[in-house]
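Observations on the model geometry
The chain contents come next:
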Amino acid sequence: THDHSDDEFSFTPLGGIAEGRGDRIDGSDLVASAAQGLVGLDDVPEYNSFPGAPSVLYLDFNGQIVTDTAWNADNKNEPIHGVAYDLDGDTKTFNQEELDAIYEIWARVSEDFMPFNINVTTVEPPAIDFVVGRGVMRAIITTNVDDPGLGGSGRTWFSNAGGVAFIDSWVRSGDIPVWVFYNALPETPKAVAEASSHEFGHALGLSHDGRTGSAYYGGHGEGETGWAPIMGAGYTQEVTQWSKGEYDDATNNQDDLAIITRATNRVTY
């Protein structure tokens, strides 16, 4: 992943998810909650980890066209056409595999943020909520290609990263997203979830957890107790957690929990 500085953003959504909040859905509802067959981009199932929480992390799977932002400088100052999350080559609908993956991604990110007074959701918040003091942020889960099917150039607008975020953008004004590039990650829902939590972590002020000789620590151990820090690269480890460098040769002793819950972030347990 990559960290950046801050700017404001303009969006054209590709799917019109209705405003509002759905009921809380837990793991037992996976099969029943996901629609059978194909659904449109505006029919992403509504999942909420903590309805009514004052802070919201929105997982945006249905694509965006982004204009007039600092991100666009990486695309020759042209609009970025971010395609919807796609596993089957059909970027206009979600099939059952994609719906199941969306659920798993949501569930994993929700678990990472479960200690905090934060709602992780697939329901797009009202535009007015993306302002200073309201604590709302989106992760655009897409590719790093300016998608030609949406009118883009086909070029890779951001390379060499599984995702990108502006450091401390959580406390900035406007709809400032983080990006997760599923085409640049291992082909699993877990990898997308790890990158989503990692990029949200940057937005909340966190830096990379590395180890001497590597900017990203991939963890240690194996099997059910294999461990890695969320701000490292825990794609292949079963257990990933917020960290403060509690492993040999850590390059970052930043206390993730203390940073996330610092007063300026307005996030509590």
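Rules and cut-offs
Residues numbered from 1 in each chain as written. Predicted model: local features only at pLDDT ≥ 70, side-chain atom pairs only at ≥ 80, totals over all residues. Heavy atoms only, no water. Phe/Tyr/Trp six-rings, centres within 6.5 Å; stacked < 30°, edge-to-face > 60°. Helix = DSSP H or I, 4+ residues; strand = E, 2+ residues; numbered from the N terminus. Buried < 20%, exposed > 50% of the residue type's maximum accessible area, 1.4 Å probe, protein only. Salt bridge = Lys/Arg side-chain N within 4 Å of Asp/Glu carboxyl O. Axes fitted to C-alpha atoms, helices over the stretch in contact; angles between N-to-C directions. Parallel < 35°, antiparallel > 145°, perpendicular 65-115°, else oblique. Left-handed = near helix turned anticlockwise from the far one by under 90°. Contact = heavy atoms within 4.5 Å. Nonpolar A, V, L, I, M, F, W, Y, C, P; charged D, E, K, R; others polar.

1. Focus on the packing of aromatic side chains
Applying the stated criterion across every chain, the model contains 19 aromatic pairs. Ring centres 5.7 Å apart and planes at 90° place the aromatic pair Trp157 and Phe181 in the edge-to-face group. Taken together, the residues Trp157 in the loop between β9 (136–142) and β10 (163–166) and Phe181 in strand β11 (residues 178–181) connect sequence positions 24 residues apart. Each of the two residues, Trp157 as well as Phe181, counts as buried.

2. Brief notes about the pattern of salt bridges
Within the structure shown, the criterion is met by six salt bridges. For Arg155, the salt bridge is made with Glu78, and the minimal N-O distance between the two is 3.3 Å. Taken together, the positions of Arg155 in the loop between β9 and β10 and Glu78 in the loop between β5 (64–67) and β6 (80–82) put the pair 77 residues apart, joining distant regions of the chain. Residue Arg155 is classed as partly exposed on the basis of its relative accessible area of 25%. Classification of Glu78 as partly exposed rests on a relative accessible area of 35%. A salt bridge links Glu104 to Arg108; the shortest N-O distance between them is 2.9 Å.

3. Comments concerning the packing of helix α2 (residues 96–112) against helix α3 (residues 189–203)
At their nearest, the axes of α2 and α3 sit 8 Å apart, and the two run at 40° to each other. Looking at the two axes, α2 sits oblique to α3. In this structure, α2 meets α3 at a crossing whose hand is right-handed. Only Pro189, Lys190, Val192, Ala193, Ser196 and Ser197 of α3 make contact with α2, whose side of the interface consists of Ala101, Glu104, Ile105, Arg108, Val109 and Asp112. Looking at side-chain class alone, the contact of α2 with α3 contains six nonpolar, two polar and four charged residues.

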